[in-house]
Amino acid sequence: MIIYNVTANVSDNIVEEWLIWMKEDHIPRVLQTNLFLSASINRIISNTDSGTTYAIAYKLESLASLQKYETQYAPKLRDEYNSKFSSHAPVFRTIIELEEEF
């Protein structure tokens, strides 16, 4: 299983707006690609960052599914995200392969 993790550091003044948009618009649209098994929003607990940091974990069956998402869907969705939030909620992405779950 592959976990596509998108971590965003969200400015305090837009956290509520960002969460609503992620829950009601962005994440549902990502899941509508039918390439992902699930998604979760996780708040990172940290005393060192300014703002609030979230990790959105999207689960996929394979790297092939992620590659399809990256080529067919991600550019448009990223452009929309960046036009709304890039300066107040920058992101970085990590691809994780689940080795074993206990």
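Residues numbered from 1 in each chain as written. Predicted model: local features only at pLDDT ≥ 70, side-chain atom pairs only at ≥ 80, totals over all residues. Heavy atoms only, no water.

A. A look at the packing of aromatic side chains. Scanning the entire structure with this criterion turns up 8 aromatic pairs. Taken together, a centroid distance of 5.0 Å and an interplanar angle of 80° make the contact between Phe 36 and Tyr 69 edge-to-face. Of this pair, Phe 36 sits in the loop between helix H1 (15-31) and strand S2 (38-44) while Tyr 69 is found in helix H2 (residues 63-72), placing the two residues 33 residues apart along the sequence. The same class applies to Phe 36 as to Tyr 69, namely buried. (Phe/Tyr/Trp six-rings, centres within 6.5 Å; stacked < 30°, edge-to-face > 60°. Helix = DSSP H or I, 4+ residues; strand = E, 2+ residues; numbered from the N terminus. Buried < 20%, exposed > 50% of the residue type's maximum accessible area, 1.4 Å probe, protein only.)

B. Looking closely at the nonpolar core. Within the largest apolar cluster, 26 residues are counted, with the highest numbers of intra-cluster contacts made by Trp 18, Tyr 58 and Tyr 69. Listed by contribution, the elements that provide at least two residues to this core are strand S1 (2-10), H1, strand S3 (52-60), H2 and helix H3 (74-85). Here this core gets 7 residues from one element, more than from any other, and that element is H1. When near neighbours in sequence (up to four residues on either side) are disregarded, Trp 18 contacts Ala 8, Val 10, Tyr 54, Ile 56, Tyr 81, Phe 85 and Ala 89. (Core = buried A, V, L, I, M, F, W, Y, C linked by side-chain atoms within 4.5 Å. Contact = heavy atoms within 4.5 Å.)

C. Fine view of the packing of H1 against H3. Following both chains from N to C, one finds H1 and H3 inclined at 170°, their axes separated by 12 Å at the closest point. Accordingly, the angle class assigned to the pair H1 and H3 is roughly antiparallel. Counted together, Glu 17, Trp 18, Trp 21, Met 22, His 26, Arg 29 and Val 30 of H1 and Lys 76, Leu 77, Glu 80, Tyr 81, Lys 84 and Phe 85 of H3 form the full contact between these two elements. Looking at side-chain class alone, the contact of H1 with H3 contains 7 nonpolar, 1 polar and 5 charged residues. (Axes fitted to C-alpha atoms, helices over the stretch in contact; angles between N-to-C directions. Parallel < 35°, antiparallel > 145°, perpendicular 65-115°, else oblique. Nonpolar A, V, L, I, M, F, W, Y, C, P; charged D, E, K, R; others polar.)

D. Region of interest: the packing of H2 against H3. Packing of H2 against H3 leaves a shortest axis separation of 4 Å and a crossing angle of 60°. Our classification of the angle between H2 and H3 gives oblique. Contact with H2, carried on its side by Tyr 69, Glu 70, Thr 71 and Gln 72, involves Ala 74, Pro 75, Leu 77 and Arg 78 of H3 and no other residues of that element. Here the residues of the contact of H2 with H3 sort into 4 nonpolar, 2 polar and 2 charged.

E. Summary view of the sheet that holds S3. An order of S2-S3-S1-S4 is seen for the 4 strands of this open sheet, with the pairing classed as antiparallel. The two strands at the open ends of the sheet, each matched to only one other strand, are S2 and strand S4 (91-97). Looking at each pair of strands side by side, their axes are set apart by 20° on average, direction ignored. Bridge count for S1 against S4 is 7 bridges, and the pairing is antiparallel. Within S4, the residue paired with Ile 3 across the bridge is Ile 96. Along the sheet, H1 makes contact with S1, S2 and S3, crossing S3 at roughly 10°. (Pairing = 2+ DSSP bridges.)

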